[in-house]
Amino acid sequence: MEVDLAIGWMRATADAVAAASDELTRLDAAIGDGDHGVNLTRGFTAVAAALEAGSFTSAGEVFVKAGSTLISKVGGASGPLYGSALRSLGKALPPGPTVTPADLAAGLHAGLEAVRKLGGAEPGDKTIVDAWKPAADAFEAAVAAGGDLTAAAGEAAVAAREGARATAGLLARKGRASYLGERSVGHQDPGATSAALLFRALSEQTGN
Ligand code: ADP
Ligand code: MG
Ligand code: MG
């Protein structure tokens, strides 16, 4: 992955989040406070602008900038969580213009660890983790099996989407949705849904 692809991924995520804003907000209205689409659209629009204005020598720098921007622009839980994930992804990548699929696999796991450290969520708690973890695992498995970036990103996107869908059956144990207890069951988690959009954007940017 090179600088242009890293920027393209973040821009494509901004477009995807904006296009799905109403849907994300509807999901959040059911089990949270109805601002997830607005929060992420504001955040990723700012990310796209910051990347447009900056100049970068590595994909890692792109993700660190994207993460810092999300942390500063989004007030809701999702801003610091996605922001920390992207910052940690960026910091885990090697300096220089080229990042291998194996580097990216390790970076995606570093991003996951940042989310878990900040928010304390375990898999199955009905959060971003439930899409990000299967995506990172699928990406890593595809690379280990000899897959290239396109193949790995495609597997990650499918795993993230399935993980997000499966959150509908889960009871929320973190974030605002956890206040609903049993009433959170039957609704897909907004943050897992947006994480699936992020991985779909990566897949599409790599040529799938
Ligand atoms: P807020 O809940 O502050 O309004 P958002 O609506 O933008 O923030 O984001 C809500 C999403 O954030 C949830 O759907 C969930 O996926 C995610 N989330 C909330 N708390 C956590 C946590 N502790 N760990 C991981 N993800 C979380
Ligand atoms: Mg909300
Ligand atoms: Mg909120």
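Residues numbered from 1 in each chain as written. Chains lettered and ligands numbered in written order. Predicted model: local features only at pLDDT ≥ 70, side-chain atom pairs only at ≥ 80, totals over all residues.

For the protein chain, the name recorded in an unreviewed UniProt entry is Putative dihydroxyacetone kinase subunit 2, with Actinoplanes missouriensis as its organism.

S.K.: How should I be thinking about the overall build of the protein chain in this particular structure?
M.R.: Scanning the protein chain for helices and strands turns up nine helices and zero strands. From first element to last, N terminus to C terminus, the protein chain shows the α and β order α-α-α-α-α-α-α-α-α. Relative to a compact globule of 208 residues, whose C-alpha radius of gyration would be 17 Å, the protein chain shows 16 Å and is just as compact. Overall size of the protein chain, expressed as C-alpha extent along the three principal axes, is 50 × 40 × 30 Å. With 208 residues in all, the protein chain has 58% of them scored as buried. Long-range contacts, defined here as pairs at least 24 residues apart, represent 65% of the contacts in the protein chain between residues at least 6 apart. (Helix = DSSP H or I, 4+ residues; strand = E, 2+ residues; numbered from the N terminus. Rg over C-alpha atoms; globule rule 2.2 N^0.38 Å. Buried ≥ 20, exposed ≤ 12 C-beta atoms within 10 Å, placed from the backbone. Contact = placed C-beta atoms within 7 Å.)

S.K.: I'm lost on helix α7 (residues 129–144) in this one. Help?
M.R.: Owing to its 3.6 residues per turn, the α-helix brings residues three or four apart onto one side. An ideal rise of 1.5 Å per residue puts 22 Å on 16 residues; α7 measures up with 22 Å between its terminal C-alpha atoms. Extensive coverage of α7 is indicated by the burial of 13 of its 16 residues. Following α7 by one or two positions, G146 has its phi on the positive side, about 100°. (Expected span 1.5 Å × (residues − 1).)

S.K.: Would you mind showing me how to read unusual backbone geometry here?
M.R.: Trans peptide bonds make up the majority, and among non-glycine residues the majority have a negative phi. Phi is positive for K126, which is not a glycine, with a value near 70°. With respect to the helices and strands, K126 occurs in the loop between α6 (101–119) and α7. Overall, K126 belongs to the buried group, with 28 C-beta atoms counted inside 10 Å.

S.K.: Hey, could you run me through the site of ligand 1 in this one?
M.R.: Taken together, 24 residues lie around ligand 1, and G76, G119, T127, G175 and G191 are the ones closest in. Every element with two or more residues in the shell around ligand 1 is listed here: α3 (36–53), α5 (78–92), α6 and α9 (190–205). The greatest single-element share of the shell around ligand 1, amounting to three residues, is contributed by α9. Across the shell around ligand 1, the residue classes break down as eight nonpolar, ten polar and six charged. (Near = placed C-beta within 6 Å. Nonpolar A, V, L, I, M, F, W, Y, C, P; charged D, E, K, R; others polar.)

S.K.: Looking at this structure, how should I read the environment of N208?
M.R.: Relative to the elements of secondary structure, N208 occurs in the segment after α9. Overall, the presence of 14 C-beta atoms within 10 Å leaves N208 in the partly exposed class. Separated by 57 residues in the primary sequence, N208 and A151 have C-alpha atoms spaced 8.2 Å apart. Sequence-distant contacts of N208, defined by excluding residues within four places in its chain, comprise T150, A153, G154 and S203.

S.K.: Sorry, what's going on with α9 here?
M.R.: The end-to-end C-alpha distance of α9 is 23 Å, a good match for the 22 Å that 16 residues give at a rise of 1.5 Å each. The buried fraction of α9 is high, at 15 of 16 residues.

S.K.: Honestly, the environment of A53 in this entry has me stumped. Any pointers?
M.R.: Structurally, A53 is set in helix α3. Note: C-alpha distance between A53 and L198 (145 residues apart in sequence) is 22 Å.

S.K.: I'm lost on the nonpolar core in this one. Help?
M.R.: Most often, soluble globular proteins have nonpolar side chains that are buried together. Counting residues in hydrophobic clusters, the biggest one holds 64 residues, and the most contacted among them are M10, A135, F139, A156, A160 and A195. For this core, the element with the highest residue contribution is α7, accounting for nine residues. Leave out the neighbours within four places in its chain, and A135 touches A156, A159, A160, G163 and F199. (Core = buried A, V, L, I, M, F, W, Y, C linked by C-beta atoms within 7 Å.)

S.K.: In this structure, what is going on with the UniProt feature "domain: DhaL" (unreviewed entry) in the protein chain? I would like to understand it.
M.R.: Sites flagged by UniProt as "domain: DhaL" (unreviewed entry) map to residues 4–204. As a span, residues 4–204 carries 71% helix and 0% strand, and end to end its C-alpha atoms are 14 Å apart. (UniProt positions renumbered as here; feature names shortened; annotations may be inferred.)

S.K.: Please clarify how the packing of helix α1 (residues 3–19) against α9 should be interpreted in this entry.
M.R.: The description of two helices packed together rests on the angle between their axes and the distance between the axes. Look at α1 against α9: their axes get within 8 Å of each other, and the N-to-C directions meet at 135°. Taken together, the axes of α1 and α9 lie oblique to each other. For the element pair α1 and α9, the recorded crossing hand is right-handed. Mapping the contact onto sequence places L5, G8, W9, A12, T13, A16 and V17 in α1 and S194, L197, L198, R200, A201, L202, E204 and Q205 in α9. When the residues that make up the contact of α1 with α9 are grouped by side-chain class, the tally is nine nonpolar, four polar and two charged. (Axes fitted to C-alpha atoms, helices over the stretch in contact; angles between N-to-C directions. Parallel < 35°, antiparallel > 145°, perpendicular 65-115°, else oblique. Left-handed = near helix turned anticlockwise from the far one by under 90°.)

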